[in-house]
Amino acid sequence: MRTRVLVAMSGGVDSSVAAALLVERGHEVVGATLKLWGGESDSGCCSVADVEDARRVAQQLGIEHHVFNLTEEFDRHVVAPYVGAHAAGRTPNPCIECNRTMKFDRLLHRSDRLGFDRLATGHHARVTSGRTGRTGRTHSLRRGVDTAKDQSYVLSMLGQDELSRVLFPVGEMTKNEVRLHAGRLGLRTALKPDSQDVCFIGSAEGRLGFLGQRIAMHPGEVVDGAGNAAGTVEAVELVTVGQRRGMGHGGDGKRRYVTHVDVAARRVTVGGADEVTRTGVFLPESSLTWVRDPLAGGARAVAQVSAHGRPIACTVEAGDDGSGLMVRFDSPQRPVAPGQTVALYDANDPDAVVGAGIAA
Amino acid sequence: MTNEITYLDHAATSALRPEAAAAMASVHERKLGNPTGSHPPAQRARALLEEARDEVATFLGRDPGEIVFTSGGTEAANLAVLGTAEAALRARGEAVVLASAVEHPAVRESAKAAGLVGVDVRELPVDHGGVIDRDALARTLSSRCTVIAVMTANNETGVIQPLADVVSSVRRRAPNAYVFTDAVQAAPFLDLAEVTEGVDMVGLSAHKFGGPVGIGALAVAPGVTLWPRQHGGGQERERRSGTQDVAGAAGMATALQLVAKERTAATARVTGLRDRLTQELLAAVPWAHRTVPDGVAVLPGHLHLCLPGVDREELLVALGRVGICVSGGSSCASGALEPSHVLAAMGIGADTAAGAVRFSLGYDSTDEDVDRALAVVPGLAASLRRTV
């Protein structure tokens, strides 16, 4: 069947090849690049150079291309919450919020209104569909074939409604295969480096520069578990629980880690590796999303707590008052900073995402 | 996707008129020299250039010596605004630029650039109809003013400005100041010799009236002191250096001759098409409304329409996919639509402006174009409408 597909093209190699694969499969394909950030940034998915790359690739593929200006909504739904979370001492993941509110909400709705059957992106992840009962099909979200480039973590908040309408064409390929394919087609993005960091923060200004223009940054004192002074930090708002960088070594010569951040008191507490570990993380009810069925209390699962973090075997339990989810790790782990997303995978099928939540 | 094209974006560009293409081809076919040289091929080139200049001058009701060929309307605006501001800065140590709030970016950004080098830049407000606020103009004018930029007609809405009032107000209150008008949009329909009478500088762009892209002109009245923006061999009476584009000038002149010849008939015909499009669209889409209030003078080809609840980005994509070409306003460097400063200046809210689109008809628009738009737009607009 000839499907009408809107493909989100960032100007990178993955979405270029995603568009190319869809064209090769005979679909009716239209490319769209989101202009998300009106501020100055030399990186990420909204610079003029990236839009030009996306447009040129679309031309090379012989498909239509459009630029959608979502700067105002991006500012409201991604940048402002990012800044607000940092002000509150949390560590948000803006890429996940962008996927949640921009690509798989605003853009997906736009794709529907314009009569497209599917929205495609260049994410390294897979959607598989199976028949359940007589009611119809259910969709699973799985890790991309290239485990090193897998992006299922940043998509872990998607549910059946979204998964039934999206395509991730490069999820079946390794990054190397993607680049080779782009090279064979002569696409100008074939050798383009992977994007790094937060797209709306320029590499020169950095997080400190970006946030410093938007919220007050406060120097803070660093203390050890006994309350003894152990140094200072430039901006307590940028310190993350579990962080090692900049915390030096303790009197015993061992590395120190951030165990607690108190933005109001402008105090960072540090401790040794043994003091920083945690046996679990709590995910409040309001943050929980499920690909299909919620995990029952006592269920086994595999957690991933950062974009390219290691899988962590765990058991989930209902929160104390029956609300939310307590994720208990099998072995002690570095702490999950408040605001970070925890993606949960199926214990028996560890490539399959079950759901996600945001650490309290 | 479709191959059938209904072109309703003449305010962005009009297709090259065949006669202009032929004029350019005939220039290209001759072995011409550089028009500044002295040998016969150079002199032939110079003759063709001056013939074209005569035509442009006639069109604008000016002396040929006033016409400076430029690369287009943007360069004309830059030269007018920055050229006079720089001359004033050098002569008097200060310059004051006034520009209406609805000017094309070529003027707005030139004014902004002047501001960065110490020029006092002020914006002149418009009313809800997009017409310059004459009281505010009168209050802002002073003997310190250098140049006042008020466009002949707006590119987005087509609203025609009361240029004669502007000129007389400036003469009374700012006797040393020059008036510049960006006549790029008005040129296809208005008699600029009449409308821009008494204006010190007039900017034109050839591709808006069926001439080639890449050439335009700035008329500079005698007595206007203007510092060149582009330095070099001193062409165009030392106002714009660079080897002149003889073929482009010939194409522009040919297109202008046709515009002048066809003006009365084209104005009546295009106004008729536009009015039918307006009436029947509003009848079929009763929840839409014209952006410009009734009673405000608008160019014959423009219809600016607000479709509340519709996102213009989506409407443009949907219309484009069936070959209906309209515009949603200015784009930024990336090609994304920008919020319209013109609609904002008219006091139109961001939500309403988000659903505003421009249909613009031109010399080759037909009844079939209008029929096709009427057959397609109402259904698509309804399907994209979000009820809030």
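Refer to the structure above for everything that follows.
Keep in mind that this is a model prediction, so the values were computed, not measured. (Residues numbered from 1 in each chain as written. Chains lettered and ligands numbered in written order. Predicted model: local features only at pLDDT ≥ 70, side-chain atom pairs only at ≥ 80, totals over all residues.)

> Tell me about the overall build of chain B, and please be specific about residues and values.
Scanning chain B for helices and strands turns up 13 helices and twelve strands. The globule rule puts the C-alpha radius of gyration for 388 residues at 21 Å, and the 21 Å found for chain B is close to it. Here chain B, with 388 residues, has 53% of them falling under the buried criterion. Nonlocal contacts in chain B, meaning residues at least 24 apart in sequence, comprise 73% of its contacts between residues at least 6 apart. (Helix = DSSP H or I, 4+ residues; strand = E, 2+ residues; numbered from the N terminus. Rg over C-alpha atoms; globule rule 2.2 N^0.38 Å. Buried ≥ 20, exposed ≤ 12 C-beta atoms within 10 Å, placed from the backbone. Contact = placed C-beta atoms within 7 Å.)

> How would you summarise the overall build of chain A if you had to cite specific residues and measurements?
Of regular secondary structure, chain A possesses eight helices and 18 strands. Scaling as 2.2 N^0.38, a compact globule of 360 residues should have a C-alpha radius of gyration of about 21 Å, and chain A matches this with 22 Å. Taking all 360 residues of chain A together, 47% fall into the buried category. In chain A, the proportion of contacts linking residues at least 24 apart, taken out of those at least 6 apart, comes to 63%.

> An account of the pairing of strand β8 (residues 220-224) of chain A is needed here, citing residue identities and associated values.
All names here are of chain A. Examined bridge by bridge, β8 and strand β9 (residues 229-233) share three bridges and lie antiparallel to one another. Paired with Gly220 across the bridge in β9 is Val233. Counting the residues between successive antiparallel strands, the hairpin from β8 to β9 contains four residues, one of them, Gly227, with a positive phi of roughly 90°. By the bridge criterion, four bridges tie β8 to strand β11 (residues 267-271) in an arrangement that is parallel. Each residue of the ladder has a partner; that of Val222, found in β11, is Val268. (Pairing = 2+ DSSP bridges.)

> Summarise the pairing of strand β2 (residues 67-70) of chain B; cite the residues concerned and give the values.
Residue and element names in this part refer to chain B. Of the two faces of β2, the one lined by Ile67 and Phe69 and the one lined by Val68 and Thr70 are each fully buried. Bridge count for β2 against strand β8 (residues 216-220) is four bridges, and the pairing is antiparallel. Bridged to Thr70 within β8 is Gly216.

> Break down the sheet that holds strand β9 (residues 289-290) of chain B for me, with residues and values.
Residues and elements named next belong to chain B. Taken together, the three strands give an open sheet; going across it, the order is β9-β10-β12, and neighbouring strands pair in antiparallel fashion. Each of the sheet's edge strands pairs with one partner strand only, and the pair in question is β9 and β12 (356-360). The sheet contact formed by strand β10 (residues 302-306) and β12 spans five bridges and is antiparallel. Along β12, the bridge assignment pairs His302 with Ser360. Its contacts with the sheet place helix α9 (residues 246-284) against β9, β10 and β12, and it is angled at close to 15° to β10. (Axes fitted to C-alpha atoms, helices over the stretch in contact; angles between N-to-C directions.)

> Go over helix α6 (residues 163-173) of chain B with me, naming the residues and quoting the values.
All names here are of chain B. Turning to α6, its buried residues number three or more, namely Leu163, Val166, Ser169 and Val170. For α6, the angular spread of buried residues about the axis comes to 125°, placing them on one side. Away from its buried face, by an angle of more than 90 degrees, α6 presents the exposed residues Ser168 and Arg172. Looking at the buried residues of α6, the elements they touch are α5 (134-140), β5 (147-149), β6 (178-182) and α7 (192-195). (Arc of directions from axis to C-beta.)

> Just give me the short version of the interface of chain A and chain B, but keep the residues and values in it.
Facing ten residues of chain A, the contacting portion of chain B comprises ten residues. Residue assignment for the side of chain A that touches chain B shows that the elements contributing at least two residues are α2 (48-61), β3 (64-69) and α4 (94-113) of chain A. Taken together, the residues of the side of chain A that touches chain B break down into five nonpolar, two polar and three charged. (Nonpolar A, V, L, I, M, F, W, Y, C, P; charged D, E, K, R; others polar.)

> Lay out the sheet that holds β6 of chain B with the relevant residues and their values.
Whether parallel or antiparallel, the strands of a sheet pair through hydrogen bonds between backbone atoms. Residues and elements named next belong to chain B. One open sheet accounts for seven strands, arranged β2-β8-β7-β6-β5-β3-β4; its pairing is mixed. Since the sheet does not close on itself, it has two edges, and those belong to β2 and β4 (120-124), each with one partner. Within the sheet, the average angular offset between the axes of one strand and its neighbour, ignoring direction, is 20°. Contacts from helix α4 (residues 105-116) reach β3 (96-100), β4, β5 and β6 within the one sheet, and its direction differs from that of β3 by about 155°.

> Talk me through the environment of Ser286 of chain A; I want residue IDs and the actual numbers.
All names here are of chain A. Within the secondary structure, Ser286 is located in the loop between β12 (278-283) and β13 (289-290). Looking at Ser286, the number of C-beta atoms within 10 Å reads 9, which means it is exposed. Sequence separation between Ser286 and Met9 is 277 residues; the distance between their C-alpha atoms is 31 Å.

> Hey, could you go over the nonpolar core for me, with residue numbers and the actual values?
With 231 residues, the main nonpolar core has Ala19 and Val342 of chain A together with Val81 and Val97 of chain B as its most contacted residues. Once residues within four sequence positions are removed from consideration, Val97 of chain B is found in contact with Val81, Ala85, Ala111, Ala114, Val119, Val121, Thr146 and Val147 of chain B. (Core = buried A, V, L, I, M, F, W, Y, C linked by C-beta atoms within 7 Å.)

> Just give me the short version of the packing of helix α3 (residues 73-92) of chain B against α4 of chain B, but keep the residues and values in it.
Residue and element names in this part refer to chain B. The interhelical angle for the contact between α3 and α4, taken along N-to-C directions, is 30°, at an axis separation of 9 Å. Taken together, the axis directions place α3 and α4 in an arrangement best described as roughly parallel. Where α3 crosses over α4, the handedness of that crossing is right-handed. Contacts between α3 and α4 involve Gly73, Thr74, Ala77, Asn78, Val81, Leu82 and Ala85 from the first element and Ala106, Val107, Ser110, Ala111, Ala113 and Ala114 from the second. (Parallel < 35°, antiparallel > 145°, perpendicular 65-115°, else oblique. Left-handed = near helix turned anticlockwise from the far one by under 90°.)

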